[in-house]
Structures are given as C-alpha cells and as structure tokens.
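# What the coordinates show
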Amino acid sequence: MGKGTVRDRTAVAIPATGSSSAEEAAAGLGSQIMRFSRLLTARRHRAKLEQGAGERVLLARLVLDGEQRATDLAADTFLDLSTVSRQVRSMVDRGLVERRPDPEDRRGALLRATEAGKTAFGAYRRQRDAELAELLGPWPPEDRYQLIRLMARLNDDLAEHEHARHYSGNPSEAAAKQGASKND
C-alpha cells in the first residue's frame with residue numbers, strides 16, 4: 001500500500017446462512033453500522049472535493065418531495081437552518097432553485113428545484129448509481145435484492161423509532177422528522 005493509503009482492518013467473514021439472538025444481531029449490526037459509517041465518511045470527504053457535493057441532499061429533497069420551506073428542508077435533512085440557507089442562496093444564484101412567496105403565509109418563501117436543478121440532480125443520481133452498480137456488479141442477483149429489501153426494512157424501522165422518540169418528547173426534534181428513504 002502506498003503512503004497515506006488506509007486499509008479497513010475490521011472486515012469480518014460472516015457465514016451466508018445462520019441465525020442469531022436479538023442481542024447478537026444488535027452487536028453485529030452495531031459493528032457493521034459503525035464500519036459502514038466510517039466508509040461513508042471517507043466517501044463524503046472525497047465527495048466534498050467535488051463541486052456541488054454539499055447541495056446534493058437538499059436538491060434531492062426538493063426534486064423528490066416538491067417545494068417546501070427552508071425550515072422544513074433543514075429538519076428533513078438533519079442540517080442546521082443557517083447551513084441550509086447558505087446552500088439555498090448558492091443554488092438560487094446558480095439557477096438550480098427558485099423561491100416564491102408562500103401563499104399561506106406571505107412572510108415565508110417556498111423553495112423548489114428549477115429545470116436546471118432537476119437536471120443537476122439527475123446527473124448526481126446517475127453518477128452515484130453508476131458507482132454503486134460497479135460495486136454491486138459481482139454480487140449474485142439474489143444478494144443485491146436482499147440488500148435492498150433489508151436496508152429498506154432497517155430504514156423503515158429506524159424512521160418509525162425516531163418518530164416514536166419525537167412524539168415522546170425526545171429533544172432531537174429535527175432528527176425525528178427524517179423519514180424513510182425517499183429514493184435519493
């Protein structure tokens with residue numbers, strides 16, 4: 001390995017079949033989620049060097065969910081409103097997003113993706129999908145299907161758990177508003 005190369009030393013061989021208790025599954029999944037998080041962080045760091053990486057999640061929400069207020073966009077993406085405001089201002093300046101007065105409350109504004117924003121989102125998505133297709137290409141089709149099915153189930157359960165925590169008075173209100181994957 002070259003200088004500065006990082007190797008993931010936490011890879012673990014897991015049998016293709018088997019069973020585990022809820023506690024064993026929790027420990028194993030917890031370890032794999034932490035590993036996955038580290039790998040995603042490394043990927044995000046690389047993506048930050050690419051132009052427009054910071055706006056992708058915001059643009060995705062506007063394209064997929066339609067127009068909304070900046071406060072809702074911030075809550076839905078777990079981002080601080082000041083961060084969202086800066087990113088939105090940049091996207092408005094570049095013609096990717098437009099503002100219009102909120103018809104229900106003229107003091108506020110609704111944000112929506114422009115055609116140029118939808119085109120940019122499409123390009124981002126195609127790039128991401130191509131990278132994932134390359135990664136998953138060697139996998140058996142059944143494994144790819146099960147990965148999607150189980151990730152969707154995990155995301156649904158996590159979203160339900162966060163919503164339940166939110167409605168029980170947990171202080172992480174912004175995080176609780178994040179829903180299941182919205183195909184971004």
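Note: the structure precedes this text.
Heads up: these notes are all about the structure in this document. Values in this document were obtained by computation on a predicted structure and should not be read as measured data.

Rules and cut-offs
- Residues numbered from 1 in each chain as written.
- Predicted model: local features only at pLDDT ≥ 70, side-chain atom pairs only at ≥ 80, totals over all residues.
- Heavy atoms only, no water.
- Helix = DSSP H or I, 4+ residues; strand = E, 2+ residues; numbered from the N terminus.
- Buried < 20%, exposed > 50% of the residue type's maximum accessible area, 1.4 Å probe, protein only.
- Contact = heavy atoms within 4.5 Å.
- Areas by Shrake-Rupley, 256 points an atom, 1.4 Å probe, with all protein chains shown as cover.
- Axes fitted to C-alpha atoms, helices over the stretch in contact; angles between N-to-C directions.
- Left-handed = near helix turned anticlockwise from the far one by under 90°.
- Nonpolar A, V, L, I, M, F, W, Y, C, P; charged D, E, K, R; others polar.
- Salt bridge = Lys/Arg side-chain N within 4 Å of Asp/Glu carboxyl O.

Turning next to the overall build of the protein chain. In terms of helices and strands, the protein chain carries seven helices and two strands. Listing every helix and strand of the protein chain by position from the N terminus yields α-α-α-α-β-β-α-α-α. Looking at the protein chain as a whole, 20% of its 184 residues are labelled buried. The contacts of the protein chain with a sequence gap of at least 6 include a subset with a gap of at least 24, amounting to 51%. When the accessible area of the protein chain is evaluated, it comes to approximately 13,100 Å², of which 56% is carbon and sulfur surface.

Geometry of a packed helix pair, given as the angle between the helix axes and the separation of the axes. The interhelical angle for the contact between helix α3 (residues 70-77) and helix α4 (residues 81-93), taken along N-to-C directions, is 115 degrees, at an axis separation of 9 Å. For the pair α3 and α4, the crossing hand works out as right-handed. Here α3 contributes Ala70, Thr71, Leu73, Ala74 and Thr77 to the contact with α4, which in turn contributes Leu81, Val84 and Val88. Here the contact of α3 with α4 is composed, by residue class, of six nonpolar, two polar and no charged.

The next thing to look at is the pattern of salt bridges. The final tally for this structure, using the stated rule, is 11 salt bridges. When salt bridges with common partners are traced through the structure, they connect Glu67, Glu98, Arg100 and Arg112 into a single cluster.

Geometry only, nothing functional implied.
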